[in-house]
Amino acid sequence: MPDQNTPSHHRHIGFDHLHNFRDLGGYRSADGRTVAWGALYRSDSLGKLAGAGARADWDRFLGLGIRTVIDLRYPWEIEAKGRIPEPGRFTYANLSIEHRPYDQAAIDPGIDPWRYLADRFAEVTEDGVDEIRRAIELIADGPGPAVFHCTSGKDRTGLIAAFVLTLLDVSEEEILADFALTELATARLTADWHAANPGRTMRWPSYGRAPAQILSLVLADLTTRYGSPGEYLAARVGITPATTARLRDRLLR
(Lines give C-alpha, C1' and ligand atoms only; values in the text may rest on other atoms or scores of the structure.)
Protein backbone atom coordinates (compact mmCIF):
# COMPACT_ATOMS: atom_id res chain seq x y z
CA MET A 1 0.00 0.00 0.00
CA PRO A 2 1.16 3.59 -0.54
CA ASP A 3 2.54 5.40 2.48
CA GLN A 4 1.26 8.78 3.68
CA ASN A 5 3.70 10.65 1.44
CA THR A 6 2.32 9.07 -1.74
CA PRO A 7 1.48 11.72 -4.38
CA SER A 8 -2.25 12.34 -4.43
CA HIS A 9 -2.69 11.28 -8.06
CA HIS A 10 -1.63 7.76 -7.05
CA ARG A 11 -4.85 7.48 -5.08
CA HIS A 12 -6.49 6.62 -8.38
CA ILE A 13 -6.36 2.85 -8.80
CA GLY A 14 -6.09 1.91 -12.45
CA PHE A 15 -8.97 0.11 -14.15
CA ASP A 16 -9.89 -0.07 -17.81
CA HIS A 17 -13.58 0.76 -17.29
CA LEU A 18 -13.61 2.59 -13.96
CA HIS A 19 -12.19 6.10 -14.20
CA ASN A 20 -12.50 7.49 -10.69
CA PHE A 21 -11.70 4.66 -8.25
CA ARG A 22 -9.70 6.04 -5.34
CA ASP A 23 -8.26 4.99 -1.99
CA LEU A 24 -9.15 7.33 0.88
CA GLY A 25 -6.11 6.28 2.89
CA GLY A 26 -3.23 8.47 4.02
CA TYR A 27 -5.07 11.56 5.21
CA ARG A 28 -3.93 12.85 8.60
CA SER A 29 -6.40 13.24 11.46
CA ALA A 30 -6.05 16.06 13.96
CA ASP A 31 -5.15 13.48 16.64
CA GLY A 32 -2.03 12.47 14.70
CA ARG A 33 -3.38 9.20 13.35
CA THR A 34 -3.72 8.50 9.62
CA VAL A 35 -6.57 7.04 7.57
CA ALA A 36 -5.58 3.44 6.77
CA TRP A 37 -4.79 2.55 3.18
CA GLY A 38 -6.88 -0.20 1.65
CA ALA A 39 -9.77 0.24 4.10
CA LEU A 40 -12.15 2.61 2.32
CA TYR A 41 -12.55 3.41 -1.36
CA ARG A 42 -14.69 5.77 -3.45
CA SER A 43 -15.62 5.10 -7.07
CA ASP A 44 -17.67 5.76 -10.15
CA SER A 45 -20.34 3.19 -11.06
CA LEU A 46 -19.36 -0.37 -10.22
CA GLY A 47 -21.90 -1.49 -12.79
CA LYS A 48 -19.06 -0.99 -15.26
CA LEU A 49 -17.44 -4.16 -13.86
CA ALA A 50 -20.08 -6.34 -15.52
CA GLY A 51 -19.57 -8.18 -18.80
CA ALA A 52 -16.87 -10.27 -20.41
CA GLY A 53 -14.93 -7.19 -21.51
CA ALA A 54 -14.48 -6.10 -17.90
CA ARG A 55 -13.11 -9.42 -16.62
CA ALA A 56 -9.66 -8.02 -15.86
CA ASP A 57 -11.20 -5.12 -13.97
CA TRP A 58 -13.43 -7.49 -12.00
CA ASP A 59 -10.46 -9.62 -11.00
CA ARG A 60 -8.54 -6.51 -9.98
CA PHE A 61 -11.50 -5.32 -7.92
CA LEU A 62 -11.89 -8.67 -6.16
CA GLY A 63 -8.19 -8.57 -5.35
CA LEU A 64 -8.81 -5.55 -3.11
CA GLY A 65 -10.78 -7.75 -0.70
CA ILE A 66 -13.75 -5.39 -0.53
CA ARG A 67 -16.66 -6.73 1.52
CA THR A 68 -19.09 -3.79 1.78
CA VAL A 69 -20.52 -1.95 -1.25
CA ILE A 70 -22.68 1.18 -0.88
CA ASP A 71 -24.43 2.28 -4.08
CA LEU A 72 -25.59 5.91 -3.79
CA ARG A 73 -27.53 5.99 -7.06
CA TYR A 74 -31.27 6.12 -7.68
CA PRO A 75 -32.87 2.68 -8.17
CA TRP A 76 -33.79 3.70 -11.72
CA GLU A 77 -30.12 4.40 -12.46
CA ILE A 78 -29.25 0.92 -11.27
CA GLU A 79 -32.03 -0.53 -13.41
CA ALA A 80 -30.69 1.28 -16.49
CA LYS A 81 -26.94 0.87 -15.95
CA GLY A 82 -26.62 -2.19 -13.71
CA ARG A 83 -25.16 -2.78 -10.28
CA ILE A 84 -21.98 -4.45 -9.17
CA PRO A 85 -21.78 -8.04 -10.43
CA GLU A 86 -22.65 -10.76 -7.92
CA PRO A 87 -23.96 -8.39 -5.23
CA GLY A 88 -24.58 -11.39 -2.97
CA ARG A 89 -20.81 -11.68 -2.49
CA PHE A 90 -20.88 -8.44 -0.52
CA THR A 91 -22.78 -6.60 2.16
CA TYR A 92 -24.56 -4.46 -0.43
CA ALA A 93 -26.80 -1.45 0.18
CA ASN A 94 -28.52 0.91 -2.24
CA LEU A 95 -28.83 4.23 -0.39
CA SER A 96 -29.94 6.95 -2.79
CA ILE A 97 -28.95 10.15 -1.00
CA GLU A 98 -30.20 12.42 -3.81
CA HIS A 99 -33.98 12.87 -4.10
CA ARG A 100 -34.30 15.54 -6.84
CA PRO A 101 -32.80 14.33 -10.12
CA TYR A 102 -31.37 16.73 -12.68
CA ASP A 103 -29.42 16.37 -15.92
CA GLN A 104 -25.99 17.95 -15.64
CA ALA A 105 -25.37 17.76 -19.37
CA ALA A 106 -28.44 19.98 -19.95
CA ILE A 107 -27.61 22.72 -17.44
CA ASP A 108 -27.77 26.27 -18.82
CA PRO A 109 -24.16 27.21 -19.67
CA GLY A 110 -24.86 30.81 -18.67
CA ILE A 111 -25.35 30.16 -14.95
CA ASP A 112 -22.65 30.12 -12.25
CA PRO A 113 -21.77 26.41 -12.37
CA TRP A 114 -20.21 26.09 -8.93
CA ARG A 115 -22.98 27.90 -7.07
CA TYR A 116 -25.54 25.86 -8.99
CA LEU A 117 -23.92 22.58 -7.97
CA ALA A 118 -23.47 23.74 -4.37
CA ASP A 119 -27.22 24.40 -4.28
CA ARG A 120 -27.90 20.87 -5.54
CA PHE A 121 -25.62 19.55 -2.79
CA ALA A 122 -27.64 21.60 -0.28
CA GLU A 123 -30.77 19.77 -1.44
CA VAL A 124 -29.05 16.45 -0.81
CA THR A 125 -27.93 17.49 2.67
CA GLU A 126 -31.57 18.19 3.58
CA ASP A 127 -33.44 15.52 1.61
CA GLY A 128 -31.03 12.63 2.10
CA VAL A 129 -30.28 12.72 5.83
CA ASP A 130 -31.61 9.20 6.46
CA GLU A 131 -29.56 7.66 3.64
CA ILE A 132 -26.48 9.70 4.58
CA ARG A 133 -26.70 8.44 8.16
CA ARG A 134 -27.18 4.84 7.08
CA ALA A 135 -24.24 5.03 4.66
CA ILE A 136 -21.91 6.38 7.34
CA GLU A 137 -23.13 3.82 9.88
CA LEU A 138 -22.51 1.01 7.38
CA ILE A 139 -18.97 2.27 6.75
CA ALA A 140 -18.45 2.27 10.53
CA ASP A 141 -20.05 -1.09 11.26
CA GLY A 142 -20.17 -3.23 8.10
CA PRO A 143 -17.48 -5.72 7.14
CA GLY A 144 -14.44 -4.11 5.59
CA PRO A 145 -12.83 -2.99 3.40
CA ALA A 146 -15.68 -0.89 1.97
CA VAL A 147 -16.42 1.13 -1.16
CA PHE A 148 -19.13 3.70 -1.89
CA HIS A 149 -20.02 5.01 -5.32
CA CYS A 150 -22.51 6.83 -7.53
CA THR A 151 -22.40 7.26 -11.32
CA SER A 152 -19.27 9.38 -11.82
CA GLY A 153 -17.89 9.16 -8.29
CA LYS A 154 -18.03 12.94 -8.17
CA ASP A 155 -20.96 14.66 -6.41
CA ARG A 156 -22.87 12.16 -4.26
CA THR A 157 -19.73 10.16 -3.66
CA GLY A 158 -17.77 13.36 -3.00
CA LEU A 159 -20.27 14.44 -0.37
CA ILE A 160 -20.08 11.14 1.55
CA ALA A 161 -16.29 11.22 1.34
CA ALA A 162 -16.25 14.76 2.75
CA PHE A 163 -18.54 13.76 5.61
CA VAL A 164 -16.51 10.66 6.51
CA LEU A 165 -13.26 12.66 6.46
CA THR A 166 -14.94 15.35 8.57
CA LEU A 167 -15.87 12.75 11.19
CA LEU A 168 -12.28 11.47 11.08
CA ASP A 169 -11.14 15.03 11.88
CA VAL A 170 -9.18 15.47 8.65
CA SER A 171 -8.44 19.10 7.79
CA GLU A 172 -10.78 20.96 5.47
CA GLU A 173 -7.82 21.65 3.17
CA GLU A 174 -7.31 17.93 2.61
CA ILE A 175 -11.05 17.28 2.31
CA LEU A 176 -11.27 19.87 -0.47
CA ALA A 177 -8.18 18.46 -2.17
CA ASP A 178 -9.67 14.95 -2.14
CA PHE A 179 -12.86 16.23 -3.73
CA ALA A 180 -10.92 17.98 -6.50
CA LEU A 181 -9.04 14.81 -7.50
CA THR A 182 -12.03 13.90 -9.69
CA GLU A 183 -10.65 16.54 -12.07
CA LEU A 184 -8.06 13.91 -13.09
CA ALA A 185 -10.93 11.75 -14.40
CA THR A 186 -13.02 14.48 -16.06
CA ALA A 187 -11.88 13.80 -19.62
CA ARG A 188 -12.72 10.09 -19.41
CA LEU A 189 -16.07 10.75 -17.71
CA THR A 190 -16.96 13.20 -20.45
CA ALA A 191 -15.91 10.74 -23.15
CA ASP A 192 -18.13 8.10 -21.54
CA TRP A 193 -21.09 10.47 -21.66
CA HIS A 194 -20.60 11.14 -25.38
CA ALA A 195 -20.29 7.41 -26.08
CA ALA A 196 -23.51 6.70 -24.18
CA ASN A 197 -25.46 9.61 -25.70
CA PRO A 198 -24.88 9.63 -29.48
CA GLY A 199 -26.70 12.46 -31.15
CA ARG A 200 -27.13 14.50 -27.97
CA THR A 201 -25.40 17.83 -27.40
CA MET A 202 -23.72 18.48 -24.07
CA ARG A 203 -24.87 22.02 -23.26
CA TRP A 204 -22.91 22.45 -20.06
CA PRO A 205 -19.16 22.94 -20.52
CA SER A 206 -18.46 22.08 -16.85
CA TYR A 207 -19.75 18.51 -17.08
CA GLY A 208 -17.53 16.14 -15.10
CA ARG A 209 -15.72 18.96 -13.31
CA ALA A 210 -15.17 18.93 -9.55
CA PRO A 211 -13.15 21.97 -8.48
CA ALA A 212 -12.61 22.42 -4.75
CA GLN A 213 -14.69 25.62 -4.89
CA ILE A 214 -17.92 23.58 -5.09
CA LEU A 215 -17.30 21.71 -1.86
CA SER A 216 -15.94 24.85 -0.20
CA LEU A 217 -19.30 26.51 -0.84
CA VAL A 218 -21.14 23.44 0.49
CA LEU A 219 -19.14 23.36 3.72
CA ALA A 220 -19.56 27.11 4.17
CA ASP A 221 -23.32 26.75 3.68
CA LEU A 222 -23.47 24.02 6.34
CA THR A 223 -21.45 26.21 8.70
CA THR A 224 -23.89 29.07 8.17
CA ARG A 225 -26.92 26.85 8.84
CA TYR A 226 -25.59 24.56 11.57
CA GLY A 227 -22.38 26.06 12.97
CA SER A 228 -20.05 23.58 11.27
CA PRO A 229 -20.21 20.47 9.04
CA GLY A 230 -19.62 18.38 12.15
CA GLU A 231 -22.60 19.95 13.89
CA TYR A 232 -24.72 19.28 10.82
CA LEU A 233 -23.75 15.60 10.94
CA ALA A 234 -24.59 15.38 14.64
CA ALA A 235 -27.72 17.53 14.85
CA ARG A 236 -29.35 17.02 11.44
CA VAL A 237 -28.08 13.65 10.21
CA GLY A 238 -28.01 12.01 13.64
CA ILE A 239 -24.45 10.71 13.71
CA THR A 240 -23.86 9.83 17.36
CA PRO A 241 -20.57 10.10 19.26
CA ALA A 242 -20.56 6.30 19.43
CA THR A 243 -20.78 5.99 15.64
CA THR A 244 -17.99 8.55 15.22
CA ALA A 245 -15.83 6.63 17.69
CA ARG A 246 -16.40 3.34 15.83
CA LEU A 247 -15.61 5.01 12.51
CA ARG A 248 -12.36 6.39 13.89
CA ASP A 249 -11.38 3.12 15.52
CA ARG A 250 -12.01 1.31 12.26
CA LEU A 251 -10.28 3.65 9.84
CA LEU A 252 -7.52 5.46 11.74
CA ARG A 253 -4.10 4.01 12.48
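To start, this report covers the structure provided alongside it. (Residues numbered from 1 in each chain as written. Predicted model: local features only at pLDDT ≥ 70, side-chain atom pairs only at ≥ 80, totals over all residues. Heavy atoms only, no water.)

1. Things to note about helix H7 (residues 186-196)
We count it as follows: Using a 1.4 Å probe on the protein chains alone, a residue whose accessible area is under 20% of its type maximum counts as buried, one over 50% counts as exposed, and one in between counts as partly exposed. Going along the chain from the N terminus, every DSSP run of H or I of four or more residues is numbered as a helix, and every run of E of two or more is numbered as a strand. The arc under discussion is defined with respect to the helix axis, by the directions toward the C-beta atoms.
Thr186, Leu189, Thr190 and Trp193 are the residues of H7 that are buried. In an axial view of H7, the angular spread of the buried residues amounts to 100 degrees, which keeps them on one side of the axis. Opposite the buried face of H7, at more than 90 degrees from it, the exposed residues are Ala187 and Ala195.

2. A short note on the pairing of strand S4 (residues 91-94)
Let me state the cut-off plainly: When DSSP locates at least two bridges between a pair of strands, those strands are taken to pair. Orienting the strands away from the viewer, one traces the path from the first strand over the helix to the second; a clockwise path indicates a right-handed crossover.
Pairing between strand S3 (residues 68-71) and S4: four bridges, direction parallel. Across the sheet, the residue bridging to Thr68 is Thr91, located in S4. This β-α-β element, S3 to helix H2 (residues 75-81) to S4, shows right-handed connectivity.

3. Digging into the layout of surface pockets
To keep it simple, the criterion reads: Only protein atoms enter the 1 Å grid used here, on which a cavity is any set of points holding a 1.4 Å probe that cannot leave and a pocket is any open set flanked by protein within 12 Å on both sides along at least five of seven lines; residues with an atom within 4 Å of a point are listed as lining. Grid points are joined across faces, edges and corners, and a volume is the space filled by probe spheres set on the points. Residues were grouped as follows: Ala, Val, Leu, Ile, Met, Phe, Trp, Tyr, Cys and Pro as nonpolar; Asp, Glu, Lys and Arg as charged; and all remaining residues, including Gly, as polar.
Approximately 1,000 Å³ is the volume attributed to the largest pocket. Among the secondary structure elements, those contributing two or more residues to the lining of the largest pocket are H2 and H7. The residue inventory of the lining of the largest pocket, partitioned by class, reads 11 nonpolar, nine polar and 11 charged. Thr166, Leu167, Gly230, Glu231, Leu233, Ala234, Ile239, Thr240, Pro241, Thr244 and Arg248 are the residues that line the second largest pocket. For the lining of the second largest pocket, the elements supplying multiple residues, two or more each, are helix H5 (156-167), helix H9 (229-237) and helix H10 (241-251). No other element matches the four residues that H9 contributes to the lining of the second largest pocket.

4. Things to note about empty space enclosed by the protein
Counted by the stated rule, this structure contains one cavity of 30 Å³ or more. The calculated volume of the largest cavity comes to roughly 60 Å³. The wall of the largest cavity is formed by Glu98, Tyr102, Arg120, Phe121, Val124, Asp155, Arg156 and Leu159. With three residues, helix H3 (residues 113-127) is the largest single contributor of residues to the lining of the largest cavity. Looking at the lining of the largest cavity residue by residue, the classes come out as four nonpolar, no polar and four charged.

5. Some thoughts on the environment of Ala187
Tracing the chain through its elements places Ala187 in helix H7. Residues Ala187 and Leu176, spaced 11 residues apart in sequence, show a C-alpha to C-alpha distance of 20 Å.

6. A closer look at the sheet that holds S4
Across the sheet, which stays open at both edges, the five strands sit in the order S1-S2-S5-S3-S4 with mixed pairing between neighbours. Each edge of the open sheet carries a strand with a single partner, namely strand S1 (22-23) and S4. Looking at chain direction, S3 and strand S5 (residues 146-149) are connected through four bridges and run parallel. Each bridged residue has a counterpart across the sheet, and for Thr68 the counterpart in S5 is Ala146.

7. A closer look at the packing of helix H4 (residues 129-141) against H10
Inclusion rule: Between N-to-C directions, angles span 0 to 180 degrees; the directions come from axes that are lines fitted to C-alpha atoms, helices contributing only their stretch in contact. Note on angle classes: values under 35 degrees are labelled roughly parallel, values over 145 roughly antiparallel, values of 65 to 115 roughly perpendicular, and the remainder oblique. In a left-handed crossing the near helix is turned counterclockwise from the far helix by less than a right angle, and in a right-handed crossing that turn is clockwise. Two residues form a contact once any of their heavy atoms are found within 4.5 Å.
Orientation of H4 relative to H10, taken along the N-to-C sense of each, is 45 degrees, at an axis distance of 8 Å. For the element pair H4 / H10, the angle class is oblique. Between H4 and H10 lies a crossing of left-handed hand. Contacts between H4 and H10 pair Ile136, Glu137, Leu138, Ile139, Ala140 and Asp141 from the former with Thr243, Arg246, Leu247, Arg250 and Leu251 from the latter. Classifying every residue of the contact of H4 with H10 by side-chain character gives six nonpolar, one polar and four charged.

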